[in-house]
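# Analysis of the macromolecular model
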Amino acid sequence: MSTTPDRPVPGLALSTALLLTTAPLMWAGNAVVGRLVHTLVAPVALNFLRWLLAFALLAPLAWRVLRPGSSLWPHWRRYALLGLLGIGSYNALQYMALQTSTPLNVTLVGAGVPIWMLAIGALFFGAPVSRRQAVGALASVAGVLMVLSRGSWQELLALRLVPGDLYMLAATLAWALYSWLLVRTDRPADIRADWAGFLLAQMLFGLMWSGAFAGVEWSLGVRRFEWGWTLAAALAFIAIGPAIVAYRCWGLGVQRAGPVMGGFFINLTPLFAAVLSAAFLGEVPRLYHAGAFVLIVGGIVVSSRRS
């Protein structure tokens with residue numbers, strides 16, 4: 001499999017499209033649920049609890065990958081990096097973003113991931129960027145800036161940014177690098193052949209990172225935790241859907257279609273978030289949200305076409 005899939009995959013299989021659609025649907029739900037419980041639990045602690053539960057659910061299926069003789073250990077640095085980017089950093093930053101920003105804003109800013117996909121692919125993975133892709137990326141940047149400015153360019157020039165928007169920008173950079181690393185198939189083959197083992201290996205190190213980050217959060221005095229049925233239900237959902245199911249679908253979809261094509265499907269997340277936010281949070285999308293979505297999706301459609 002090529003490690004530089006910078007062009008669209010001809011005749012994208014329906015099964016691959018469904019995989020790449022399921023992940024953003026789950027992640028939109030993750031953003032909405034994260035917003036719903038943001039007053040009940042500290043954001044980094046929520047990320048740690050989520051992955052702790054997901055690890056416990058997945059371990060019975062893939063515990064062999066943790067044995068002393070497993071091929072995981074000679075390549076532990078690779079999985080420690082995947083765990084840092086995809087589990088320890090991305091989700092913690094997203095939950096931190098949801099403390100001050102809405103699910104729709106967070107997912108729209110996150111829709112800028114394809115821009116970082118192109119940049120990281122060109123800088124570190126030898127994937128060329130065509131003129132058409134560059135034009136599309138500029139359109140997507142304009143869409144992200146529209147979200148950051150709340151539809152007012154004067155506000156953007158005044159740098160009045162909600163902290164959550166900046167956290168989400170950092171999260172998108174981490175996710176783009178994580179997605180490119182997923183397409184490396186050189187090592188170790190036995191773990192990559194077992195989806196549960198591949199994900200559990202990332203979770204192991206991701207738990208270490210997220211636990212350390214939660215400890216820092218606690219030491220800084222952010223100790224919000226109100227246990228109840230609402231929080232329990234939220235943890236169950238985000239551990240099963242956005243964690244296990246979505247990561248499985250995303251990993252397999254990206255391996256089949258490549259990170260740039262996967263980036264196009266990420267732009268479905270704001271659409272799903274808008275519907276879910278209106279249904280569960282009463283947050284009606286603004287006109288600038290629609291404009292930003294058109295720019296972002298239009299930019300990725302242009303950049304995904306052959307030159």
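These lines cover the structure that appears in this document, whether it is placed above or below. (Residues numbered from 1 in each chain as written. Predicted model: local features only at pLDDT ≥ 70, side-chain atom pairs only at ≥ 80, totals over all residues. Heavy atoms only, no water.)

## Let's talk about the overall build of the protein chain
- Along the protein chain, the regular secondary structure elements total 14 helices and zero strands.
- Secondary structure elements of the protein chain, listed N to C terminal, follow the sequence α-α-α-α-α-α-α-α-α-α-α-α-α-α.
- Counting over 307 residues, the protein chain shows a buried share of 52%.
- Taking as baseline every contact in the protein chain between residues at least 6 positions apart, the subset at least 24 positions apart corresponds to 89%. (Helix = DSSP H or I, 4+ residues; strand = E, 2+ residues; numbered from the N terminus. Buried < 20%, exposed > 50% of the residue type's maximum accessible area, 1.4 Å probe, protein only. Contact = heavy atoms within 4.5 Å.)

## Remarks on the packing of aromatic side chains
- Evaluated as defined, the whole model comprises 14 aromatic pairs.
- Ring geometry for Trp73 against Phe205: centres 6.5 Å apart, planes inclined by 70°, an arrangement best described as edge-to-face. In this pair, Trp73 sits in the loop between helix H2 (43-62) and helix H3 (76-97) while Phe205 sits in helix H10 (residues 195-219), placing the two residues 132 residues apart along the sequence.
- On the basis of relative accessibility, which here comes to 7%, the residue Phe205 falls in the buried class.
- Members of the aromatic cluster, each reached through a chain of ring pairs, are Trp27, Trp51, Tyr90, Trp175, Tyr178, Tyr247 and Trp250. (Phe/Tyr/Trp six-rings, centres within 6.5 Å; stacked < 30°, edge-to-face > 60°.)

## Here's the deal with the packing of helix H1 (residues 14-36) against H3
- At a minimum axis distance of 9 Å, the contact between H1 and H3 shows a crossing angle of 50°. As summarised for this structure, H1 and H3 are arranged oblique, according to the angle between their axes. Here H1 and H3 pass one another in a crossing that is right-handed. Residue-level contacts link Asn30, Ala31 and Gly34 of H1 to Asn91, Gln94 and Tyr95 of H3.
- By residue class, the composition of the contact of H1 with H3 is two nonpolar, four polar and no charged. (Axes fitted to C-alpha atoms, helices over the stretch in contact; angles between N-to-C directions. Parallel < 35°, antiparallel > 145°, perpendicular 65-115°, else oblique. Left-handed = near helix turned anticlockwise from the far one by under 90°. Nonpolar A, V, L, I, M, F, W, Y, C, P; charged D, E, K, R; others polar.)

## Some points on the side chain of Ser71
- Here Ser71 lies in the loop between H2 and H3.
- Within the structure, Ser71 has its side chain in polar contact with the side chain of Asp190 (distance 2.7 Å).
- When residues no more than four places from it in sequence are discounted, the contact partners of Ser71 are Pro188, Asp190 and Ile191. (Polar contact = N/O pair within 3.5 Å; in protein donor to acceptor, adjacent residues only side chain to side chain.)

## Section: the packing of H1 against helix H11 (residues 229-257)
- At their nearest, the axes of H1 and H11 sit 8 Å apart, and the two run at 150° to each other. With respect to H11, the axis of H1 lies roughly antiparallel. For the pair H1 and H11, the sense of crossing is left-handed.
- When grouped by side-chain class, the residues that make up the contact of H1 with H11 number 18 nonpolar, seven polar and one charged.

## A look at a nonpolar patch on the surface
- On the surface, Leu53, Leu57, Ile240 and Val245 cluster together into a nonpolar patch covering about 290 Å² of accessible area.
- Among the secondary structure elements, those contributing two or more residues to the nonpolar patch are H2 and H11.
- Within the fold, Leu57 resides in helix H2.
- Given the relative accessible area of 40%, Leu57 is considered partly exposed. (Patch = residues over 30% accessible without salt bridge, like charges linked within 9 Å, V, L, I, M, F, W, Y side chains within 5 Å. Areas by Shrake-Rupley, 256 points an atom, 1.4 Å probe, with all protein chains shown as cover. Salt bridge = Lys/Arg side-chain N within 4 Å of Asp/Glu carboxyl O.)

## A few points about H2
- The end-to-end C-alpha separation of H2 is 28 Å, in line with the 28 Å expected for 20 residues at 1.5 Å each.
- For H2, every residue scored as buried is listed here: Pro43, Val44, Ala45, Leu46, Asn47, Arg50, Trp51, Ala54, Phe55, Leu58, Ala59 and Ala62.
- For H2, the secondary structure elements touched by its buried residues are H1, H3, H10 and H11. (Expected span 1.5 Å × (residues − 1).)

## Notes on the nonpolar core
- Counting 76 residues, the largest nonpolar core has Trp175, Met203, Tyr247 and Trp250 as its most contacted members.
- Setting aside anything within four residues of it in sequence, one finds Tyr247 in contact with Trp27, Arg50, Trp51, Gly86, Ile87, Tyr90, Asn91, Trp175, Tyr178, Leu199 and Pro242.
- Counting five residues, the second largest nonpolar core, distinct from the first, contains Leu104, Leu108, Ala111 and Ile296. (Core = buried A, V, L, I, M, F, W, Y, C linked by side-chain atoms within 4.5 Å.)

## Brief notes about the side chain of Asn91
- Summarising the element assignment, Asn91 is placed in helix H3.
- Only 2.9 Å separates the side chain of Asn91 from the backbone oxygen of Gly86, close enough to count as a polar contact.
- When near neighbours in sequence (up to four residues on either side) are disregarded, Asn91 contacts Asn30, Asn47, Arg50, Trp51, Gly86 and Tyr247.

## What about the environment of Thr22?
- Summarising the element assignment, Thr22 is placed in helix H1.
- Taking relative accessible area as the criterion, Thr22 reaches 26% and is therefore assigned partly exposed.
- Between the alpha carbons of Thr22 and Gly241 there is a distance of 9.5 Å; along the sequence they are 219 residues apart.
- Excluding anything up to four places from it in sequence, Thr22 contacts Val245 and Cys249.
- From its side chain, Thr22 meets the backbone oxygen of Leu18 in a polar contact 2.8 Å long.

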